[in-house]
Amino acid sequence: MDTETKMLKKPVYMDNHATTRVDSRVLDAMLPYFTEKFGNAASRNHSFGWEAEEAVSRSRDQIAALIGAKSKEIIFTSGATESDNLAIKGVVEFYKDKGNHIISCVTEHKAVLDSCRALERAGKATVTYLPVDKYGMVDPDAVRKAITDKTVLITIMWANNEIGTIHPIAEIGKIAKEKGIVFHTDAVQAIGKVPVDFEKAGVDLASITAHKIYGPKGIGALYVRSKGPRVRITPQMDGGGHERGMRSGTLNVPGIVGLGAACEIAGMEMPDEAQRLIQLRSQLQAGLFERLDEIYVNGHPTERLPGNLNVSFAYVEGESLLMGINDIAVSSGSACTSATLEPSYVIRALGIDDELAHSSIRFGLGRFNTLEEVDYVTDRVSREVKRLREMSPLYEMAKEGIDLKSVNWKS
Ligand SMILES: *Cc1c(COP(=O)(O)O)cnc(C)c1O
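Residues numbered from 1 in each chain as written. Predicted model: local features only at pLDDT ≥ 70, side-chain atom pairs only at ≥ 80, totals over all residues. Heavy atoms only, no water.

If a residue is not glycine, its phi is most likely negative; likewise, a peptide bond is most likely trans. Each neighbour pair has its own omega, and for Lys-10 with Pro-11 the value is 0°, a cis peptide bond. For Pro-11, the location among the structural elements is in the segment before β1 (12-13). Cis geometry marks the peptide bond from Gly-228 to Pro-229; its omega dihedral reads -5°. Among the secondary structure elements, Pro-229 is positioned in the loop between β8 (220-224) and α8 (253-291). Phi is positive for Arg-244, close to 50°, though the residue is something other than glycine. Position of Arg-244 among the secondary structure elements: in the loop between β8 and α8. Look at Arg-244 and you get partly exposed, because its relative accessible area is 48%. The phi dihedral of Glu-294 falls on the positive side, at around 50°, and the residue is not glycine. Take Glu-294: it is sitting in the loop between α8 and β9 (295-298). (Helix = DSSP H or I, 4+ residues; strand = E, 2+ residues; numbered from the N terminus. Buried < 20%, exposed > 50% of the residue type's maximum accessible area, 1.4 Å probe, protein only.)

This is the structure:
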C-alpha cells in the first residue's frame with residue numbers, strides 16, 4: 001500500500017452534501033474546452049462550433065444514461081437552484097389555465113421552498129407543504145389526499161441534503177401519473193449515489209447539478225420529459241432560444257463536458273462506491289456510539305444516502321462543537337440567519353425538540369474520504385463532545401437522574 005493513503009491530510013473534508021472536489025478525470029475532460037476547443041456550440045458554420053456541439057451532445061448522452069432519460073430531455077442550466085426555479089415557475093406559468101395549486105414538502109431545499117413562496121407572494125399559486133414522519137419521509141397517501149382539481153405540480157425531492165432520507169419517489173410518480181399531474185423532483189443528492197431512473201419512476205421534471213457529484217460548480221441540468229406525457233414549461237429567461245427554447249444563453253461547454261464526465265464516472269463506480277461509503281459510515285456511526293451516550297441519528301434507518309450521517313449530540317451546541325473541531329469540515333444543523341441561530345428546519349420537521357436540533361451535525365462522506373479520516377474524525381469528535389459535556393451542568397444533572405423538564409428554572 002502506498003504511504004500517501006496512510007498520511008492524514010488536514011483539514012479533513014467531510015461535507016460532501018455541500019459540494020465535492022472535482023474528480024481529476026473530470027477536470028482532464030474539461031480542460032481542452034477552455035483552450036483549443038473553445039467554440040460556441042451554437043456556431044453552425046465552422047468546425048469550432050461543430051466540435052463544441054459534439055462535446056455537448058456527448059455529455060447529454062452521458063447524463064441521460066445515468067438517469068434513465070433521452071438525450072434530448074436534458075436542458076442545461078447554471079445549477080440546481082436555477083433548475084428548481086425553472087421547473088416550478090415554468091410549470092405554474094405554463095399550466096395557469098388548468099390550476100394554480102402546488103404540493104411540496106417541508107424538508108425541501110431552499111431553492112424549491114423559496115420558488116414556491118415567491119409564487120405564493122405573487123398570488124400565482126397556493127402551496128401545500130406536506131409534513132414528514134420522524135425519519136423525514138413523506139407519505140405517498142398524504143400526497144394523494146392533498147391533490148385538488150387545481151393541482152398542477154407535485155415537487156418532492158428524491159433525497160434530502162441534510163438527513164439523507166430517500167423519499168418513495170416511484171410511488172409518488174405513480175399517483176401523479178394516475179391524476180395527470182406534473183411531477184418534479186430535486187434529484188441533486190440522489191443521482192450518482194443511488195440508482196435513479198426518471199422514466200421508470202414517473203418523474204416529469206428533475207433538477208441535477210455537477211458540483212455534488214465531483215463535477216464543477218455553476219453547471220446543472222433540468223430533465224424535461226418529452227413523451228408520456230410531453231411536459232411543457234414557460235422559459236424564465238428570454239434570449240437566443242437555446243435548449244429547445246426552454247433556457248436561453250450560450251452553453252457553458254467546459255462545464256457541460258464536466259457534468260457529462262462526472263455522470264459517466266458516477267454510473268460506473270456507483271455500486272462499489274456506495275458499498276464503500278456505507279462501510280465508512282457504519283464505522284463512523286459505530287465509533288461514535290461506542291464512545292458516547294445520548295447521541296441520536298437523524299434520518300431514515302435504511303432509506304438513506306450511503307454517505308450521509310446526521311447525528312444529534314445531546315447537551316452540546318452544534319456550533320460550539322464545530323468550533324472545537326476546526327480541522328474537520330462538517331455542517332451543523334443550525335443556520336445563521338440575520339440575528340439568531342435557528343435550528344435547521346429539516347431537523348425540526350422530524351418532531352425532535354429545538355435543543356436536540358441545535359446539537360445536530362451532518363457528516364457527508366464522499367469519494368475521497370478514507371478510513372484513516374473516519375478514525376480521526378471519530379476520535380476528535382468524541383473527545384470534543386466529552387469535553388463540552390464536562391462543562392455542561394445540564395448533562396451533569398441528566399446523569400444524576402434529574403428530570404430536566406421538571407426543573408423550575410426561574411426560581
Ligand atoms: C446543492 C443543492 C441544490 C442547489 O444546487 P446548486 O447547483 O448549488 O444551485 C439544490 N437542491 C439540493 C437538494 C441541493 O443539495
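Below, the discussion takes up the packing of aromatic side chains. Under the defined criterion, the tally for this structure stands at 6 aromatic pairs. With a centroid separation of 5.1 Å and an interplanar angle of 65°, the aromatic rings of Phe-94 and Tyr-95 are classed as edge-to-face. One aromatic cluster in this structure is built from Trp-158, Phe-198 and Tyr-223. Note that Arg-21 overlies the ring of Phe-368, its terminal NZ or CZ placed 4.7 Å from the centroid. (Phe/Tyr/Trp six-rings, centres within 6.5 Å; stacked < 30°, edge-to-face > 60°. Lys NZ or Arg CZ within 6 Å of the ring centre and 35° of its normal.)

Our focus in this paragraph is the site of the ligand. Lining the immediate environment of the ligand, one finds 13 residues, of which Thr-81, Asp-186, Gln-189, Thr-209 and Lys-212 sit closest. Side-chain polar atom of Asp-186 to a nitrogen atom of the ligand: 2.6 Å apart, as the coordinates give it. Contact with the protein chains removes 87% of the 380 Å² of surface that the ligand exposes when unbound. Here the shell around the ligand gets 3 residues from one element, more than from any other, and that element is helix α3 (residues 80-94). Residue composition of the shell around the ligand, grouped by class: 3 nonpolar, 7 polar and 3 charged. (Near = heavy atom within 4 Å. Polar contact = N/O pair within 3.5 Å; in protein donor to acceptor, adjacent residues only side chain to side chain. Areas by Shrake-Rupley, 256 points an atom, 1.4 Å probe, with all protein chains shown as cover. Nonpolar A, V, L, I, M, F, W, Y, C, P; charged D, E, K, R; others polar.)

Ranked by size, the top nonpolar core spans 65 residues in total, and within it Phe-76, Ile-154, Trp-158, Phe-198 and Leu-259 carry the most contacts. The greatest single-element share of this core, amounting to 10 residues, is contributed by α8. Here this core spans two domains, since at least three of its residues come from each of domain 1 (3-21 + 269-400) and domain 2 (24-266). Residue contacts for Phe-198: discarding those within four places in its chain leaves Ile-67, Gly-68, Trp-158, Thr-185, Ala-187, Ile-191, Val-203, Ala-206, Tyr-223 and Arg-225. Leu-280, Leu-284, Phe-363 and Val-381 belong to the second largest nonpolar core, which has 25 residues in total. (Core = buried A, V, L, I, M, F, W, Y, C linked by side-chain atoms within 4.5 Å. Domains from an automatic or database assignment. Contact = heavy atoms within 4.5 Å.)

Our focus in this paragraph is helix α4 (residues 110-121). Taking 1.5 Å per residue, 12 residues should reach 16 Å; α4 reaches 16 Å between its end C-alpha atoms and fits that length. Listing the buried residues of α4 in full gives Ala-111, Val-112, Leu-113, Ser-115, Cys-116 and Leu-119. As for α4, its buried residues are in contact with α3, β3 (101-105), β4 (126-130), β5 (151-155), β6 (182-186) and α10 (345-348). Gly-123 sits one or two residues past α4 and shows a positive phi near 75°. (Expected span 1.5 Å × (residues − 1).)

Now for a nonpolar patch on the surface. On the surface, Leu-27, Leu-31 and Phe-34 cluster together to form a nonpolar patch covering roughly 280 Å² of accessible area. Checked against the element boundaries, Leu-31 lands in the loop between α1 (24-30) and α2 (47-67). The class for Leu-31 is partly exposed, based on a relative accessible area of 41%. (Patch = residues over 30% accessible without salt bridge, like charges linked within 9 Å, V, L, I, M, F, W, Y side chains within 5 Å. Salt bridge = Lys/Arg side-chain N within 4 Å of Asp/Glu carboxyl O.)

This part is about the sheet that holds β4. The 7 strands are arranged β2-β8-β7-β6-β5-β3-β4 in an open sheet whose pairing can be described as mixed. On the outer flanks of this sheet lie β2 (74-77) and β4, each paired with one strand and no other. Mean inter-strand twist for the sheet, computed between neighbouring axes without regard to direction, equals 20°. Two elements, β5 and β6, share 3 bridges in a ladder whose sense is parallel. Directly across from Leu-153, in β6, lies its bridge partner Val-182. Here α3 sits on the sheet in contact with β2, β3, β5, β6, β7 (205-209) and β8, set at roughly 165° to β7. (Pairing = 2+ DSSP bridges. Axes fitted to C-alpha atoms, helices over the stretch in contact; angles between N-to-C directions.)

Right, let's talk about the domain arrangement of the chain for a bit. Segmenting the chain into domains produces domain 1 (3-21 + 269-400) and domain 2 (24-266). In this structure, domain 1 and domain 2 have C-alpha centres spaced 29 Å apart. Of the residues lining the interface, 30 residues belong to domain 1; the matching set on domain 2 comes to 36 residues. For the pair domain 1 and domain 2, the summed buried area comes to about 2700 Å², and 55% of that belongs to carbon and sulfur atoms. The largest per-residue losses of area from domain 1 upon contact with domain 2 belong to Met-270, Leu-305 and Tyr-345, which jointly make up 24% of the total buried on that side. (Buried area = accessible area lost by both parts, 1.4 Å probe.)

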